[in-house]
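Overview (structure and organization)
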Amino acid sequence: MSKGYRKIFWGTILVSFLSPGGSISLVFVLIGWTILISGIGALAESSASGSFKRLEKVAIAAAAVSLFGGVLYELLLMRFPPIVYYPIVVMSVELILFHGIFAASYEHFSGMEDAGTARMIQEKDRSYMVLMGIALVVLSVFYTFNHSITGILGFFASLISKIYLLGGMHELKKACEEEKSIEEEQPTA
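Cut-offs and rules
Residues numbered from 1 in each chain as written. Predicted model: local features only at pLDDT ≥ 70, side-chain atom pairs only at ≥ 80, totals over all residues. Heavy atoms only, no water. Helix = DSSP H or I, 4+ residues; strand = E, 2+ residues; numbered from the N terminus. Buried < 20%, exposed > 50% of the residue type's maximum accessible area, 1.4 Å probe, protein only. Areas by Shrake-Rupley, 256 points an atom, 1.4 Å probe, with all protein chains shown as cover. Contact = heavy atoms within 4.5 Å. Core = buried A, V, L, I, M, F, W, Y, C linked by side-chain atoms within 4.5 Å. pLDDT = per-residue confidence, 0-100. Phe/Tyr/Trp six-rings, centres within 6.5 Å; stacked < 30°, edge-to-face > 60°.

**Some remarks on the overall build of the protein chain**
If you tally the helices and strands in the protein chain, you get 6 helices and 0 strands. Counting over 189 residues, the protein chain shows a buried share of 44%. Put simply, the protein chain shows about 10,200 Å² of open surface, and 67% of that area lies on carbon and sulfur atoms.

Below, the structure written as structure tokens:
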């Protein structure tokens, strides 16, 4: 499972930090979504829970929304003012997807009776949702009223939430590696 979380980590970096700002960045975002979706697929293969399999479909829909919106954003930015809210839509879709990844991970580790990791996942999920929720509210105020201070605050809130998310994915990868090393140390009957 650590391979799946590693792919999600790197895919998230490409998707989150190379948001559409031109056709070249759209290519990197496409690559990021492809890596992220393959990471979720790797988790689906490793987990007895069907939650990761359902998340694959959600991730594909999220990628489609992100890429389609990115193309429209590039083409219509000055001619269609509501497209300005595109980043809010993408962040909302990412929030739903990553909450689902945390929830499926919680389900997996709870099923394996690893209460410590399950509790850590719950805390990471809750904190991520609060951080991303704050970022969404502040950025919504910015895009609605074009208030520069809220734009700066929204940028930093978004940055903090994405860095926190990456840290959470890294900790999940580490938890899987520790779980695997414990399984390898136990004698087989």
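Having seen it, we continue.
**Things to note about the environment of E177**
By the secondary structure assignment, E177 is in helix 6 (residues 148-185). A C-alpha to C-alpha distance of 8.1 Å links E177 and M1, two positions 176 residues apart in sequence. E177 has contacts with S2 and R6, leaving out every residue within four places of it along the chain.

**Here we look at the nonpolar core**
Soluble globular proteins tend to bury their nonpolar side chains together. If you look at the biggest cluster of nonpolar residues, it comprises 43 residues, and the most contacted ones within it are Y5, I8, W33, I101 and M169. At the level of secondary structure, the elements contributing two or more residues to this core comprise helix 1 (2-17), helix 2 (23-46), helix 3 (51-76), helix 4 (86-111), helix 5 (115-145) and helix 6. Per-element accounting of this core gives the leading share, 9 residues, to helix 4. If near-sequence neighbours (up to four positions away) are discounted, W33 is found in contact with V15, A59, A62, A63, S66, L67, E94 and L97.

**Some points on the confidence of the model for the protein chain**
On average, residues of the protein chain carry a pLDDT of 85, and 89% of them reach 70 or more. Looking at the elements of the protein chain, mean pLDDT is at its lowest for helix 3, recorded as 84, and at its highest for helix 5, recorded as 93.

**A word on the packing of aromatic side chains**
Scanning the entire structure with this criterion turns up 5 aromatic pairs. Judged by centre distance (5.2 Å) and plane angle (85°), the ring pair of F9 and W10 falls under edge-to-face. With relative accessibility at 47%, the residue W10 sits in the partly exposed group. Pairing F142 with Y143 gives two aromatic rings, centres 5.1 Å apart and planes at 55°, and the pair type is tilted. Its relative accessible area of 21% is what places F142 among the partly exposed residues. With a relative accessible area of 22%, Y143 lands in the partly exposed category.

**Points about unusual backbone geometry**
Even without a glycine there, the phi angle at E113 is positive, about 60°. Within the secondary structure, E113 is located in the loop between helix 4 and helix 5. A relative accessible area of 73% means that E113 is categorised as exposed. Even without a glycine there, the phi angle at N146 is positive, about 55°. Note that N146 resides in the loop between helix 5 and helix 6. Residue N146 is classed as exposed on the basis of its relative accessible area of 61%.

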